[in-house]
Amino acid sequence: MSEKKTYDKSKLIRYYSDSADDSFEHVSNKSPERAWIFALTKEFWNNAFRGKDEGKKIIYVNAGAPVELVYAFGAVPLLLDMVATRTATEPDLAAKYVDAAERLVPNSMCGITKVPYAASILGEMEIPPDAMMYSTVPCDSSRISTVAITKHFGVPAFNLDVPFQANDRGYRYMAEQYREAIPFLEGVTGNKFDPDRFRECAALSNRATELMWDIAKLRMHVPCPLPGLILYANQAIPCMAGTRVLVDYMETQCQMAQFLVASNMSAALGAEKYRIFWMQNMLWSNIKLLSWLEKEFGAVVVMEAFGYQKGPVFENPDDLGQIFYDLARKTLALPM
(Lines give C-alpha, C1' and ligand atoms only; values in the text may rest on other atoms or scores of the structure.)
Protein backbone atom coordinates (compact mmCIF):
# COMPACT_ATOMS: atom_id res chain seq x y z
CA MET A 1 0.00 0.00 0.00
CA SER A 2 1.48 3.34 -1.09
CA GLU A 3 1.97 6.10 1.44
CA LYS A 4 -0.49 8.97 1.38
CA LYS A 5 1.12 12.11 0.04
CA THR A 6 1.45 15.13 2.25
CA TYR A 7 1.34 18.70 0.98
CA ASP A 8 2.38 22.07 2.33
CA LYS A 9 -1.01 23.79 2.29
CA SER A 10 0.53 27.12 3.19
CA LYS A 11 1.80 27.28 -0.39
CA LEU A 12 -1.64 27.30 -1.92
CA ILE A 13 -0.97 27.51 -5.67
CA ARG A 14 1.73 24.85 -5.54
CA TYR A 15 -0.56 22.62 -3.47
CA TYR A 16 -3.41 22.91 -5.95
CA SER A 17 -1.07 22.35 -8.89
CA ASP A 18 0.53 19.26 -7.32
CA SER A 19 -2.80 17.79 -6.25
CA ALA A 20 -4.21 18.38 -9.76
CA ASP A 21 -1.24 16.45 -11.17
CA ASP A 22 -1.82 13.64 -8.69
CA SER A 23 -5.55 13.45 -9.43
CA PHE A 24 -4.87 13.28 -13.15
CA GLU A 25 -2.27 10.55 -12.66
CA HIS A 26 -4.56 8.57 -10.33
CA VAL A 27 -7.48 8.65 -12.75
CA SER A 28 -5.19 7.89 -15.70
CA ASN A 29 -4.10 4.69 -13.95
CA LYS A 30 -7.49 3.68 -12.55
CA SER A 31 -9.92 4.80 -15.28
CA PRO A 32 -7.89 6.11 -18.23
CA GLU A 33 -11.03 6.70 -20.30
CA ARG A 34 -12.04 9.43 -17.80
CA ALA A 35 -8.64 11.10 -17.41
CA TRP A 36 -9.44 13.83 -19.93
CA ILE A 37 -12.09 15.18 -17.53
CA PHE A 38 -9.31 16.37 -15.21
CA ALA A 39 -7.04 17.78 -17.93
CA LEU A 40 -8.42 21.31 -17.99
CA THR A 41 -8.17 22.08 -14.27
CA LYS A 42 -4.72 20.48 -14.26
CA GLU A 43 -3.64 22.86 -17.02
CA PHE A 44 -5.08 25.85 -15.16
CA TRP A 45 -3.23 25.17 -11.90
CA ASN A 46 -0.02 24.14 -13.66
CA ASN A 47 -0.01 27.44 -15.56
CA ALA A 48 -0.63 29.41 -12.38
CA PHE A 49 2.20 27.66 -10.51
CA ARG A 50 4.80 27.26 -13.26
CA GLY A 51 4.06 30.31 -15.39
CA LYS A 52 6.67 32.56 -13.79
CA ASP A 53 9.36 29.91 -14.15
CA GLU A 54 8.49 29.82 -17.84
CA GLY A 55 8.96 33.58 -18.15
CA LYS A 56 5.27 34.46 -18.15
CA LYS A 57 3.61 37.19 -16.13
CA ILE A 58 0.85 36.23 -13.69
CA ILE A 59 -2.16 38.52 -13.73
CA TYR A 60 -4.84 38.06 -11.10
CA VAL A 61 -8.28 38.60 -12.64
CA ASN A 62 -11.90 38.49 -11.60
CA ALA A 63 -14.87 37.09 -13.51
CA GLY A 64 -15.30 40.15 -15.74
CA ALA A 65 -11.74 40.37 -17.06
CA PRO A 66 -11.02 39.77 -20.79
CA VAL A 67 -8.90 36.62 -20.53
CA GLU A 68 -8.58 36.32 -24.33
CA LEU A 69 -6.72 39.63 -24.31
CA VAL A 70 -4.46 38.50 -21.46
CA TYR A 71 -3.60 35.27 -23.27
CA ALA A 72 -2.84 37.26 -26.42
CA PHE A 73 0.04 38.87 -24.51
CA GLY A 74 1.46 35.50 -23.43
CA ALA A 75 0.48 36.11 -19.80
CA VAL A 76 -1.37 33.81 -17.38
CA PRO A 77 -4.72 35.02 -15.99
CA LEU A 78 -5.30 33.56 -12.53
CA LEU A 79 -9.04 33.75 -11.92
CA LEU A 80 -9.50 34.37 -8.19
CA ASP A 81 -12.88 32.61 -8.16
CA MET A 82 -11.06 29.37 -8.99
CA VAL A 83 -9.01 29.73 -5.80
CA ALA A 84 -12.23 29.95 -3.79
CA THR A 85 -14.08 27.06 -5.43
CA ARG A 86 -11.04 24.80 -5.13
CA THR A 87 -10.57 25.80 -1.48
CA ALA A 88 -14.21 24.90 -0.81
CA THR A 89 -13.16 21.24 -1.04
CA GLU A 90 -10.74 21.81 1.87
CA PRO A 91 -12.82 22.50 5.02
CA ASP A 92 -9.79 23.37 7.15
CA LEU A 93 -8.48 25.92 4.69
CA ALA A 94 -11.89 27.37 3.90
CA ALA A 95 -12.64 27.95 7.59
CA LYS A 96 -9.20 29.46 8.21
CA TYR A 97 -9.50 31.92 5.34
CA VAL A 98 -13.06 32.96 6.11
CA ASP A 99 -12.15 33.57 9.77
CA ALA A 100 -9.04 35.54 8.79
CA ALA A 101 -10.97 37.68 6.33
CA GLU A 102 -13.75 38.48 8.79
CA ARG A 103 -11.25 40.07 11.15
CA LEU A 104 -10.84 42.78 8.52
CA VAL A 105 -13.98 42.83 6.35
CA PRO A 106 -17.73 42.53 7.07
CA ASN A 107 -18.99 38.97 7.43
CA SER A 108 -21.60 39.79 4.78
CA MET A 109 -18.86 39.80 2.16
CA CYS A 110 -19.13 36.84 -0.22
CA GLY A 111 -17.11 33.76 0.75
CA ILE A 112 -15.84 33.42 -2.82
CA THR A 113 -14.01 36.73 -2.38
CA LYS A 114 -13.03 36.24 1.26
CA VAL A 115 -10.87 33.21 0.42
CA PRO A 116 -8.37 34.73 -2.08
CA TYR A 117 -8.27 37.94 -0.04
CA ALA A 118 -7.38 36.11 3.18
CA ALA A 119 -4.93 33.77 1.44
CA SER A 120 -3.19 36.86 0.06
CA ILE A 121 -2.87 38.74 3.34
CA LEU A 122 -1.69 35.56 5.10
CA GLY A 123 1.08 35.16 2.52
CA GLU A 124 -0.24 31.83 1.26
CA MET A 125 -0.84 32.91 -2.35
CA GLU A 126 2.84 32.21 -2.82
CA ILE A 127 2.75 33.08 -6.53
CA PRO A 128 2.17 36.85 -6.25
CA PRO A 129 0.68 38.72 -9.20
CA ASP A 130 2.68 40.90 -11.53
CA ALA A 131 -0.49 42.92 -12.04
CA MET A 132 -4.23 42.91 -11.40
CA MET A 133 -6.93 43.25 -14.05
CA TYR A 134 -10.51 43.34 -12.92
CA SER A 135 -13.91 44.77 -13.73
CA THR A 136 -16.70 46.27 -11.66
CA VAL A 137 -18.81 43.12 -12.14
CA PRO A 138 -20.15 40.76 -10.98
CA CYS A 139 -20.77 42.06 -7.44
CA ASP A 140 -19.90 44.48 -4.64
CA SER A 141 -17.77 41.86 -2.87
CA SER A 142 -15.62 41.37 -5.96
CA ARG A 143 -15.11 45.13 -6.33
CA ILE A 144 -13.98 45.38 -2.71
CA SER A 145 -11.68 42.35 -2.61
CA THR A 146 -9.84 42.99 -5.89
CA VAL A 147 -8.91 46.51 -4.80
CA ALA A 148 -7.82 45.23 -1.37
CA ILE A 149 -5.66 42.47 -2.93
CA THR A 150 -4.09 45.01 -5.30
CA LYS A 151 -3.16 47.28 -2.39
CA HIS A 152 -1.76 44.33 -0.44
CA PHE A 153 0.62 43.27 -3.21
CA GLY A 154 1.33 46.82 -4.38
CA VAL A 155 1.15 45.90 -8.06
CA PRO A 156 -0.19 47.87 -11.04
CA ALA A 157 -3.87 47.38 -11.79
CA PHE A 158 -6.29 48.05 -14.60
CA ASN A 159 -9.91 48.49 -13.57
CA LEU A 160 -12.59 48.07 -16.23
CA ASP A 161 -15.68 50.19 -15.59
CA VAL A 162 -18.66 48.12 -16.77
CA PRO A 163 -21.72 50.21 -17.64
CA PHE A 164 -25.23 49.32 -16.51
CA GLN A 165 -26.76 49.16 -19.98
CA ALA A 166 -25.98 46.37 -22.44
CA ASN A 167 -26.49 48.36 -25.63
CA ASP A 168 -24.41 49.83 -28.44
CA ARG A 169 -23.29 52.77 -26.32
CA GLY A 170 -22.21 50.44 -23.51
CA TYR A 171 -20.38 48.11 -25.91
CA ARG A 172 -18.46 50.98 -27.49
CA TYR A 173 -17.59 52.33 -24.03
CA MET A 174 -16.16 48.94 -23.00
CA ALA A 175 -14.37 48.41 -26.33
CA GLU A 176 -12.50 51.68 -25.84
CA GLN A 177 -11.35 50.53 -22.40
CA TYR A 178 -9.95 47.31 -23.87
CA ARG A 179 -7.93 49.39 -26.31
CA GLU A 180 -6.68 51.46 -23.36
CA ALA A 181 -5.65 48.22 -21.63
CA ILE A 182 -3.20 47.39 -24.43
CA PRO A 183 -0.39 49.76 -23.30
CA PHE A 184 -1.00 48.61 -19.72
CA LEU A 185 -0.50 44.96 -20.69
CA GLU A 186 2.49 45.86 -22.86
CA GLY A 187 4.08 47.52 -19.84
CA VAL A 188 3.34 44.60 -17.53
CA THR A 189 4.41 41.79 -19.88
CA GLY A 190 7.14 43.50 -21.88
CA ASN A 191 5.46 42.14 -25.02
CA LYS A 192 4.11 44.23 -27.88
CA PHE A 193 0.50 43.76 -28.85
CA ASP A 194 0.21 41.22 -31.68
CA PRO A 195 -3.12 41.65 -33.51
CA ASP A 196 -2.75 38.28 -35.22
CA ARG A 197 -2.28 36.54 -31.89
CA PHE A 198 -5.36 38.29 -30.53
CA ARG A 199 -7.36 37.17 -33.57
CA GLU A 200 -6.18 33.61 -32.97
CA CYS A 201 -7.32 33.76 -29.34
CA ALA A 202 -10.71 35.09 -30.47
CA ALA A 203 -11.11 32.24 -32.97
CA LEU A 204 -10.21 29.64 -30.32
CA SER A 205 -12.67 31.23 -27.91
CA ASN A 206 -15.38 31.02 -30.58
CA ARG A 207 -14.72 27.35 -31.19
CA ALA A 208 -14.94 26.56 -27.47
CA THR A 209 -18.23 28.47 -27.17
CA GLU A 210 -19.74 26.62 -30.13
CA LEU A 211 -18.68 23.28 -28.68
CA MET A 212 -20.08 24.19 -25.28
CA TRP A 213 -23.48 24.84 -26.83
CA ASP A 214 -23.32 21.59 -28.84
CA ILE A 215 -22.60 19.71 -25.61
CA ALA A 216 -25.46 21.47 -23.82
CA LYS A 217 -27.87 20.24 -26.48
CA LEU A 218 -26.44 16.71 -26.28
CA ARG A 219 -27.04 16.71 -22.52
CA MET A 220 -30.76 17.11 -23.25
CA HIS A 221 -30.79 13.53 -24.52
CA VAL A 222 -32.41 10.86 -22.33
CA PRO A 223 -30.40 9.30 -20.79
CA CYS A 224 -27.94 12.16 -20.31
CA PRO A 225 -24.68 11.05 -21.96
CA LEU A 226 -22.31 12.82 -19.56
CA PRO A 227 -21.96 12.58 -15.77
CA GLY A 228 -22.50 15.48 -13.40
CA LEU A 229 -18.81 15.39 -12.46
CA ILE A 230 -17.96 17.04 -15.78
CA LEU A 231 -19.98 20.11 -14.78
CA TYR A 232 -17.49 20.63 -11.94
CA ALA A 233 -14.53 20.29 -14.29
CA ASN A 234 -16.16 22.80 -16.63
CA GLN A 235 -15.69 25.58 -14.09
CA ALA A 236 -12.30 26.25 -15.72
CA ILE A 237 -13.90 27.06 -19.10
CA PRO A 238 -14.29 30.86 -18.59
CA CYS A 239 -10.69 31.35 -17.44
CA MET A 240 -9.22 29.26 -20.29
CA ALA A 241 -11.13 30.98 -23.13
CA GLY A 242 -8.80 31.68 -26.02
CA THR A 243 -6.50 28.68 -25.52
CA ARG A 244 -5.94 25.56 -27.59
CA VAL A 245 -6.11 23.32 -24.51
CA LEU A 246 -9.71 24.42 -23.88
CA VAL A 247 -10.72 23.60 -27.45
CA ASP A 248 -9.08 20.16 -27.18
CA TYR A 249 -10.93 19.51 -23.93
CA MET A 250 -14.28 20.60 -25.33
CA GLU A 251 -13.81 18.58 -28.52
CA THR A 252 -13.11 15.44 -26.48
CA GLN A 253 -16.17 16.10 -24.32
CA CYS A 254 -18.37 16.64 -27.38
CA GLN A 255 -17.09 13.49 -29.11
CA MET A 256 -17.70 11.45 -25.98
CA ALA A 257 -21.26 12.78 -25.69
CA GLN A 258 -21.97 12.12 -29.38
CA PHE A 259 -20.75 8.53 -29.10
CA LEU A 260 -22.83 7.81 -26.01
CA VAL A 261 -25.96 9.40 -27.49
CA ALA A 262 -25.55 7.34 -30.67
CA SER A 263 -25.19 4.23 -28.50
CA ASN A 264 -28.14 5.28 -26.28
CA MET A 265 -25.81 4.98 -23.30
CA SER A 266 -25.28 7.08 -20.23
CA ALA A 267 -22.01 7.90 -18.54
CA ALA A 268 -23.84 8.15 -15.22
CA LEU A 269 -23.15 5.61 -12.52
CA GLY A 270 -26.34 3.58 -12.80
CA ALA A 271 -29.63 3.80 -14.68
CA GLU A 272 -31.03 7.29 -15.05
CA LYS A 273 -34.27 7.75 -13.10
CA TYR A 274 -34.25 11.46 -12.28
CA ARG A 275 -32.91 14.52 -14.07
CA ILE A 276 -31.73 17.51 -12.03
CA PHE A 277 -31.21 21.08 -13.19
CA TRP A 278 -28.94 22.74 -10.63
CA MET A 279 -29.56 26.43 -10.15
CA GLN A 280 -26.74 28.83 -9.21
CA ASN A 281 -23.40 27.48 -7.96
CA MET A 282 -22.49 23.83 -7.71
CA LEU A 283 -21.77 22.26 -4.32
CA TRP A 284 -18.09 23.07 -4.57
CA SER A 285 -17.51 21.71 -1.06
CA ASN A 286 -18.58 18.15 -1.92
CA ILE A 287 -18.43 17.32 -5.61
CA LYS A 288 -18.52 13.57 -4.86
CA LEU A 289 -22.19 14.15 -4.11
CA LEU A 290 -22.86 14.28 -7.86
CA SER A 291 -21.58 10.73 -8.41
CA TRP A 292 -23.35 9.58 -5.22
CA LEU A 293 -26.69 10.88 -6.52
CA GLU A 294 -26.18 8.98 -9.77
CA LYS A 295 -25.16 5.74 -8.10
CA GLU A 296 -27.68 5.69 -5.24
CA PHE A 297 -30.74 7.26 -6.84
CA GLY A 298 -30.14 7.35 -10.60
CA ALA A 299 -30.36 11.14 -10.28
CA VAL A 300 -28.24 12.91 -12.89
CA VAL A 301 -27.40 16.59 -12.72
CA VAL A 302 -28.08 17.31 -16.37
CA MET A 303 -27.27 21.02 -16.29
CA GLU A 304 -26.27 23.84 -13.97
CA ALA A 305 -27.08 27.49 -14.41
CA PHE A 306 -23.62 29.09 -14.48
CA GLY A 307 -21.67 26.69 -16.66
CA TYR A 308 -23.78 26.66 -19.79
CA GLN A 309 -24.87 30.16 -20.73
CA LYS A 310 -24.75 30.85 -24.42
CA GLY A 311 -22.82 34.09 -24.51
CA PRO A 312 -21.94 36.15 -27.59
CA VAL A 313 -19.21 35.00 -29.96
CA PHE A 314 -16.70 37.04 -31.94
CA GLU A 315 -18.68 37.58 -35.11
CA ASN A 316 -15.68 38.39 -37.29
CA PRO A 317 -12.31 37.37 -35.79
CA ASP A 318 -10.53 39.01 -38.75
CA ASP A 319 -11.88 42.46 -37.85
CA LEU A 320 -9.93 43.82 -34.89
CA GLY A 321 -12.47 46.52 -34.13
CA GLN A 322 -15.28 43.99 -34.12
CA ILE A 323 -13.29 41.75 -31.72
CA PHE A 324 -13.10 44.55 -29.14
CA TYR A 325 -16.81 45.28 -29.60
CA ASP A 326 -17.75 41.60 -29.19
CA LEU A 327 -15.47 41.27 -26.17
CA ALA A 328 -17.60 44.00 -24.62
CA ARG A 329 -20.76 42.08 -25.53
CA LYS A 330 -19.33 39.02 -23.76
CA THR A 331 -18.55 41.00 -20.60
CA LEU A 332 -21.99 42.61 -20.49
CA ALA A 333 -23.67 39.21 -20.92
CA LEU A 334 -22.24 37.99 -17.60
CA PRO A 335 -24.64 37.15 -14.75
CA MET A 336 -25.32 39.93 -12.23
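Remember, predicted model here, so these are calculated numbers, not experimental data. (Residues numbered from 1 in each chain as written. Predicted model: local features only at pLDDT ≥ 70, side-chain atom pairs only at ≥ 80, totals over all residues. Heavy atoms only, no water.)

> How would you explain the state of the cysteines if you had to name every residue and give the values?
Scanning all chains against the criterion turns up zero disulfides. No disulfide involves Cys201; its nearest neighbouring cysteine sulfur is the one of Cys239, lying 14 Å away. Considering cysteine sulfurs only, Cys224 is the nearest to Cys254, which forms no disulfide, with 13 Å between them. By relative accessible area, Cys254 is classed as buried at 5%. (Disulfide = S-S within 2.5 Å. Buried < 20%, exposed > 50% of the residue type's maximum accessible area, 1.4 Å probe, protein only.)

> Any chance you could break down helix α11 (residues 244-262) for me, citing the residues and the numbers?
Its 19 residues give α11 an end-to-end C-alpha distance of 27 Å, which sits within 8% of 27 Å, the value for a rise of 1.5 Å per residue. Check the buried side of α11 and you find it contacts α2 (39-50), α9 (195-218) and α10 (229-233). Downstream of α11 by a residue or two, Asn264 has a phi angle that is positive, lying close to 55°. (Helix = DSSP H or I, 4+ residues; strand = E, 2+ residues; numbered from the N terminus. Expected span 1.5 Å × (residues − 1). Contact = heavy atoms within 4.5 Å.)

> Before we move on, can you summarise unusual backbone geometry with the specific residues and values?
Glycine aside, the phi torsion of most residues is negative, and most peptide linkages are trans. Cis geometry is found at the peptide bond from Val222 to Pro223, where omega equals 0°. Tracing the backbone shows Pro223 in the loop between α9 and α10. With a phi close to 55°, Asn264 is a non-glycine residue in the positive phi region. With respect to the helices and strands, the residue Asn264 is situated in the loop between α11 and β5 (274-278). A residue is classified by how much of its surface remains accessible, and Asn264, at 51% relative accessible area, is exposed.

> Quick one: what's the story with the nonpolar core, residue by residue and with numbers?
Within the largest apolar cluster, 93 residues are counted, with the highest numbers of intra-cluster contacts made by Ile59, Leu78, Met133, Phe198 and Met250. In this structure, Leu78 is in contact with Ile13, Phe44, Ala48, Ile58, Ile59, Tyr60, Val61 and Val83, ignoring residues within four places of it in sequence. If you look at the next biggest cluster of nonpolar residues, it comprises 11 residues, including Leu231, Tyr232, Trp278 and Val301. (Core = buried A, V, L, I, M, F, W, Y, C linked by side-chain atoms within 4.5 Å.)

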